[in-house]
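# Structural overview for review
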Amino acid sequence: MATATSHSYPHRHLLGIEGLSAGEITVLLDKSEAYVDQNRRVDKKQSLLRGRTQINLFFESSTRTRTSFELAGKRLGADVINMSAEASSLRKGETLIDTAMTLNAMHPDVLVVRHPHSGAVNLLAQKVDCAVINAGDGGHEHPTQALLDALTIRRRRGRLDGLIVAICGDILHSRVARSNIQLLVTMGARVRVVAPPTLVSPLFHRMGVDVYHDMGSGLGGADIVMMLRLQTERMQGAYVPSVREYFHFYGLDYQKLAAAKPDALIMHPGPMNRGVEIDTDVADDIDRSVIREQVEMGVAVRMACLDILTGHLSNASPTDAGTAE
Amino acid sequence: MARSFSKGDPGRVAYVNARLIDPWHGRDEPGALLTEGNRIAQIGPGLFSDGVPDGIGTVDCGGRILAPGLIDIRAFLGEPGYEHKETLATGTEAAAVGGVTTVICLPGTDPVIDDAALVEYIERRAREDAVVRVHPMGALTKGIEGREMTEMGLLAEAGAVAFTDGDRAVADAQLMRRALAYASGLGLLIVQHVEEAALAGTGCMNEGELALRLGLPGIPAAAEVIVLERDLRLVELTGGRYHAACVSTAESVACLANAKTRGLPVSAGVASHHFALNEIAVGEYRTFAKTSPPLRGEEDRQALIGAMRDGTIDVIVSDHCPQDQESKRQPFIQAANGIAGLETMLPLALELHHNGSLPLMRVLEMMTASPARLLELDVGRLEAGAPADLVVIDLDTPWRLSEEGLVAKSKNTPFDGRPVQGRAVRTVVAGHTVYEFSPRV
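Residues numbered from 1 in each chain as written. Chains lettered and ligands numbered in written order. Predicted model: local features only at pLDDT ≥ 70, side-chain atom pairs only at ≥ 80, totals over all residues. Heavy atoms only, no water.

## Comments concerning helix H1 (residues 88-97) of chain B
Residue and element names in this part refer to chain B. H1 sits mainly inside the fold: 7 of its 10 residues count as buried. Looking at H1, one finds that the buried residues are Leu88, Gly91, Thr92, Ala94, Ala95, Ala96 and Val97. For H1, the elements touching its buried residues are strand S7 (100-105), helix H2 (116-129), strand S8 (133-136), strand S18 (419-429) and strand S19 (432-436). Phi for glycine 99, located one or two positions after H1, is positive at around 80 degrees. (Buried < 20%, exposed > 50% of the residue type's maximum accessible area, 1.4 Å probe, protein only. Helix = DSSP H or I, 4+ residues; strand = E, 2+ residues; numbered from the N terminus. Contact = heavy atoms within 4.5 Å.)

As structure tokens, this is what we get:
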């Protein structure tokens, strides 16, 4: 674990990065760091969350995020239940609040929620007694993604402060972009967003980032190049004319990457559209691409979040309490 | 508390010890008023100075304001088809509490008020159930689908006071041109919801930094002024009378001011929530502050108040839009638009007087004389022979708006807990007291 700190994470939920202090973010990252080592051992399982119930409530399909949260909970010894929109009353017209009340009556300790609409996880969190982790809400936030990205960068570069990070792609609709901007700006990185004008707003400047419309200048001197997934339905004339035109101007290939620092890291939250936002050789470049490492960090970050939030629960056992430090 | 105004003879009632305010005549002076049956019989500063004769009921106003009953020209009253959200009975009871004596209801019901028979239905149901006067606006297009004009002339003869597609904008410029032209021949008023639907798209709040941070699609201010500009060109082309139902942006204000300078027959309304709140109210995804048009930025709010002061905006409306809890307790993008505004319009408008933004006379004019002139109603003034629609207003007593204090069937308000000053303490329709405030003990 990194240096001991006097900070703590004094919040019941993790709904977003906005509003968290640098100290609070550091607490989460330091705790995650410890779990990275543990996850590399043969015996990965702990009993910290034994007896605790974690419900993964996914109103939007997801494989990697759900699996990552499931694995994180199980490695800590929690009972993990997955609920998805397809298999439940969520499709039968039950309102979000009714669902929340129903689940609340079952006394879960942690709810991990993904929802296609911004703010839905905040709404649900108001109605339940347990800790809530936002696993992505509409175009709003995806805090554990930003934490795992930050952890990946910090382990590779030793810091976040002062790094130039270029986030490229569909910034406008991206919760990953928003959470990353909030986190990286708070931690002192210099953040740029790069996208065609239809997929970014000049108002992003107010969030402390610089807005670019061409990859050449946007990537210039960058330490980190973070590519975002572009929904293919947005590429058929509504926001950009075609996949072909988008890749020509905004797809990451070696030619565009040449503008960044020679050792710049390439990141992508997945799942990738090879040949759309990222060239396949670049994505697989073992010297530059940390895309698989991001996935590994994801489990550690989610274990840390579960650890810290359950440590706050009023019925936490004395040995479990205060793990947030 | 509230009771029907259309039954029985209220006899003669003297309202004494009043501060008479009548924007229609520019009157603001101490005095008294006598109603006889359904009408005002006498008014003046010296009236009853020697006491009220026997056989006349007396209401001592205690020095409070006696003004014409308020007129709200934009409210959704639920009937027919949305009785679970509001009814003529509950909606007009809310109106009475808010000092409103005439409500103009919107045609976006189920079925839509696009036929003379439905206008007559509303008028009849109002006679049965309503505690204040109700007149419908007729649909401008059949089924408010924006394709074919309704029988505006016949609807008007049946009692429709103006024509609108409610909270839907008429998108088709050709149709709008013909509607304005046709209505001009009959002297009818066209009321438009000024929003370019394609540009508004899936937007659910003001476009700007806050929407960006919340990850919600925004509606740009341009969506409003684009339709307004277009319609004003069509007004110029046709000479039709045009009213922008609820404007929300500074750009719309500038556009309207210009049109008025050129002498076009145009007017505009503002909803009380648009001058009382800005977009910050939807922070934290507060769906109770989700409206159409959306709450805008602070500069827009200030521009609206300026336009109310200088006459660019003509009337204040409640834009009463009752929504049941299930429609509001949803993720923001899915939640329904609207605020139950009938009971809060007057206290919110009085804030503009108390904080020095607007003279009291102007505040009241925008809810009495202005809407009466706009719709050519015979109410909204204090003069002998006029209908005895009155409101007694306690201007100064501070209190807090509250959700549970509302009598409307749906209690969707973003003003729960807001401190205000002043309220209607007695509402009189056609000589009958239909509401009297009684402080809780």
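## Structural notes on the nonpolar core
Ranked by internal contacts, the top residues of the largest apolar core, which has 104 residues, are Tyr242, Phe275, Met308, Ile313, Ile316 and Met367 of chain B. The residues touching isoleucine 313 of chain B, leaving out its near neighbours within four places in the chain, are Val247, Val253, Ala268, Gly269, Val270, Leu304, Ala307, Met308, Arg362 and Met366 of chain B. Grouped together as the second largest cluster of nonpolar side chains are 90 residues, Tyr9, Leu28, Val112 and Leu309 of chain A included. (Core = buried A, V, L, I, M, F, W, Y, C linked by side-chain atoms within 4.5 Å.)

## Describing the sheet that holds strand S4 (residues 131-137) of chain A
Residue and element names in this part refer to chain A. Taken in spatial order, the 4 strands make up an open sheet running S2-S1-S3-S4, and their pairing is parallel. Every other strand in the sheet has two partners, leaving strand S2 (79-84) and S4 as the edge strands with one partner each. Averaged over all pairs of adjacent strands, the angle between their axes in this sheet comes to 15 degrees, without regard to strand direction. Against the sheet, helix H2 (residues 64-75) touches strand S1 (53-58), S2, strand S3 (110-115) and S4, its axis set at about 180 degrees to S1. (Pairing = 2+ DSSP bridges. Axes fitted to C-alpha atoms, helices over the stretch in contact; angles between N-to-C directions.)

## What about the sheet that holds strand S16 (residues 315-317) of chain B?
Residues and elements named next belong to chain B. As summarised here, the arrangement of the 6 strands in space is S9-S10-S11-S14-S15-S16, forming an open sheet in which the pairing is parallel. What marks the edges here is a single partner per strand, and that holds for strand S9 (138-139) and S16. Taken together, the 4 bridges between strand S11 (residues 189-192) and strand S14 (residues 241-244) define a ladder with parallel strand orientation. Bridge assignment links glutamine 192 to a residue of S14, and that residue is alanine 244. The sheet strands contacting helix H7 (residues 222-238) are S11, S14 and strand S15 (266-271), and the helix crosses S14 at an angle near 170 degrees.

## Remarks on the packing of H2 of chain A against helix H11 (residues 291-311) of chain A
All names here are of chain A. Where H2 meets H11, the closest approach of the two axes is 8 Å, and the angle between their N-to-C directions is 50 degrees. For the element pair H2 / H11, the angle class is oblique. Judged by the sense of rotation from one axis to the other, the crossing of H2 with H11 is right-handed. Of H11, the residues touching H2 (which contributes Arg64, Thr65, Ser68, Phe69, Leu71, Ala72, Gly73 and Arg75) are Val295, Gly298, Val299, Arg302, Met303 and Leu306. Among the residues making up the contact of H2 with H11, the classes are represented as 7 nonpolar, 4 polar and 3 charged. (Parallel < 35°, antiparallel > 145°, perpendicular 65-115°, else oblique. Left-handed = near helix turned anticlockwise from the far one by under 90°. Nonpolar A, V, L, I, M, F, W, Y, C, P; charged D, E, K, R; others polar.)

## A word on the interface of chain B and chain A
If you look at the interface, chain B gives 14 residues, while chain A gives 23 residues. Where chain B abuts chain A, roughly 1500 Å² becomes buried across the two surfaces, and 61% of that area is made up of carbon and sulfur atoms. By the criterion of area lost to chain A, the three top residues of chain B are Leu212, Arg213 and Tyr285 of chain B, representing 44% of everything that side buries. Counting across the interface, chain B meets chain A through 2 salt bridges. (Buried area = accessible area lost by both parts, 1.4 Å probe. Salt bridge = Lys/Arg side-chain N within 4 Å of Asp/Glu carboxyl O.)

## Digging into the side chain of glutamate 123 of chain B
Along the chain, the position of glutamate 123 of chain B falls in helix H2. Ignoring any residue separated from it by four or fewer positions in sequence, one finds glutamate 123 of chain B in contact with Val134, His135, Pro136, Ala158 and Gly159 of chain B.

## Some thoughts on the environment of asparagine 134 of chain A
All names here are of chain A. With respect to the element layout, asparagine 134 can be found in strand S4. A relative accessible area of 0% means that asparagine 134 is categorised as buried. The spacing of asparagine 134 and asparagine 122 is 12 residues in sequence and 8.3 Å in space, taken between C-alpha atoms. Discounting residues that sit within four places of it in the chain, asparagine 134 has contacts with Leu14, Leu15, Val113, Val121, Glu141 and Pro143. Only 2.9 Å separates the side chain of asparagine 134 from the backbone oxygen of leucine 15, close enough to count as a polar contact. Within the structure, asparagine 134 has its side chain in polar contact with the side chain of aspartate 137 (distance 2.9 Å). (Polar contact = N/O pair within 3.5 Å; in protein donor to acceptor, adjacent residues only side chain to side chain.)

## Remarks on the pattern of salt bridges
Counting across every chain of the model gives 36 salt bridges over all chains. Where glutamate 33 of chain A meets arginine 155 of chain A, a salt bridge forms, and the shortest distance between an N and an O atom there is 2.7 Å. Taken as a pair, glutamate 33 of chain A in helix H1 (residues 22-39) and arginine 155 of chain A in helix H5 (residues 143-157) lie far apart in primary sequence, 122 residues in all. Here glutamate 33 of chain A falls in the buried class, since its relative accessible area comes to 15%. Between arginine 292 of chain A and aspartate 284 of chain A there is a salt bridge, with its nearest N and O atoms 4.0 Å apart. Judged by relative accessible area, which is 66%, arginine 292 of chain A ranks as exposed. Relative accessible area serves as the criterion here: at 38%, aspartate 284 of chain A is assigned to the partly exposed category. Through salt bridges with shared partners, a single network forms among Glu79, Arg124, Arg125, Glu128 and Asp129 of chain B.

## A short note on H11 of chain A
With 21 residues, H11 of chain A extends 31 Å between its outermost C-alpha atoms, agreeing within 8% with the 30 Å of an ideal straight helix rising 1.5 Å per residue. Counting buried residues in H11 of chain A gives 18 out of 21 residues, a clear majority hidden from the surface. (Expected span 1.5 Å × (residues − 1).)

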